[in-house]
Amino acid sequence: MSTIPARLARSARVSTTPNAARQRVIQLYRDWYRSAPEICSIYALNVTPTFVRHCIRAHFEENRYVTDTRVIDVLLLKGRQEYQETLNCWKQLDHIMGILLAPRGRPQRTFLQKFYEGRDEDAVLPAATGIVHPKAV
């Protein structure tokens, strides 16, 4: 398939309501989900489309509890940008394997490692993240 940069381009939009933001998130998720076989064939990945879909779902689940519509809009913009760059073949295989398919997050630390650092960041959520902690709901 030839690379046509404008084929996946979308104008930046601002969500007026949480429901509108939710619909846009669902549409972006569907776009990613449906393009998993195409991603595997474009980049000649040695993983199945099912695994790619699993990784896409994990990335969306990381931001499941974001409630601020402005934060959701930024995440949508970045997600749409990644989608366009991925399908236009503007990424290398290392980008796909390292960024899209690799699990994110900090490596697990032992109690002593946390103690030596002098803080326990796992128990504290910053106040201005826009994330509602699932245990607080």
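Residues numbered from 1 in each chain as written. Predicted model: local features only at pLDDT ≥ 70, side-chain atom pairs only at ≥ 80, totals over all residues. Heavy atoms only, no water.

- Under an unreviewed UniProt entry, the protein chain has the name NADH-ubiquinone oxidoreductase 14.8 kDa subunit and belongs to Trametes pubescens.
- Its UniProt record gives the protein chain the following Sequence similarities (unreviewed entry) comment, quoted word for word: "Belongs to the complex I LYR family." (UniProt positions renumbered as here; feature names shortened; annotations may be inferred.)

1. Some thoughts on helix 3 (residues 49-62)
- Helix length check: helix 3 (14 residues) gives 20 Å between terminal C-alpha atoms against 20 Å at 1.5 Å per residue, within 8%.
- Considered for burial, the residues of helix 3 that qualify are V52, C55, I56 and H59. Along the long axis of helix 3, the arc covered by the buried residues comes to 100°, so they all point the same way. Facing away from the buried side of helix 3 by more than 90 degrees, the exposed set consists of T50 and H54.
- Contact partners of the buried residues in helix 3: helix 1 (18-34), helix 2 (36-42) and helix 5 (93-100). (Helix = DSSP H or I, 4+ residues; strand = E, 2+ residues; numbered from the N terminus. Expected span 1.5 Å × (residues − 1). Buried < 20%, exposed > 50% of the residue type's maximum accessible area, 1.4 Å probe, protein only. Arc of directions from axis to C-beta. Contact = heavy atoms within 4.5 Å.)

2. Focus on the layout of surface pockets
- The volume enclosed by the largest pocket comes to roughly 1,000 Å³.
- Among the elements of the structure, helix 1, helix 3, helix 4 (69-87) and helix 5 are those that each provide at least two residues to the lining of the largest pocket.
- Its residues assigned to classes, the lining of the largest pocket comprises 17 nonpolar, seven polar and nine charged. (1 Å grid on protein atoms, 1.4 Å probe; cavity = no way out; pocket = protein on both sides within 12 Å on 5 of 7 lines; lining within 4 Å. Points joined across faces, edges and corners; volume = space filled by probe spheres on them. Nonpolar A, V, L, I, M, F, W, Y, C, P; charged D, E, K, R; others polar.)

3. Some remarks on the nonpolar core
- Of all hydrophobic cores here, the largest spans 19 residues; its most connected members are W32, I39, L45, V52 and L101.
- Put simply, the parts of the chain that give this core at least two residues each are helix 1, helix 2, helix 3, helix 4 and helix 5.
- Of all the elements, helix 4 adds the most residues to this core, at four residues.
- When sequence neighbours within four positions are dropped, the list of residues in contact with I39 reads W32, L45, T86 and L87. (Core = buried A, V, L, I, M, F, W, Y, C linked by side-chain atoms within 4.5 Å.)

4. What about unusual backbone geometry?
- Non-glycine residue A44 carries a positive phi angle of around 50°.
- Looking at the secondary structure, you find A44 in the loop between helix 2 and helix 3.
- Positive phi is not limited to glycine here, since C89 has a value of about 65°.
- Along the chain, the position of C89 falls in the loop between helix 4 and helix 5.
- Exposure remark for C89: the relative accessible area of 40% places this residue in the partly exposed category.

5. Digging into the packing of helix 1 against helix 4
- Their axes nearest at 10 Å, the elements helix 1 and helix 4 cross at an angle of 20°. By the angle between their axes, helix 1 is roughly parallel relative to helix 4. Relative to helix 4, the crossing made by helix 1 is left-handed. Together, P18, A21, R24, V25, Q27, L28, D31 and W32 of helix 1 and T69, I72, D73, L76, G79, R80, E82, Y83 and T86 of helix 4 make up the contact between the two elements.
- Of the residues that constitute the contact of helix 1 with helix 4, the class distribution is eight nonpolar, four polar and five charged. (Axes fitted to C-alpha atoms, helices over the stretch in contact; angles between N-to-C directions. Parallel < 35°, antiparallel > 145°, perpendicular 65-115°, else oblique. Left-handed = near helix turned anticlockwise from the far one by under 90°.)

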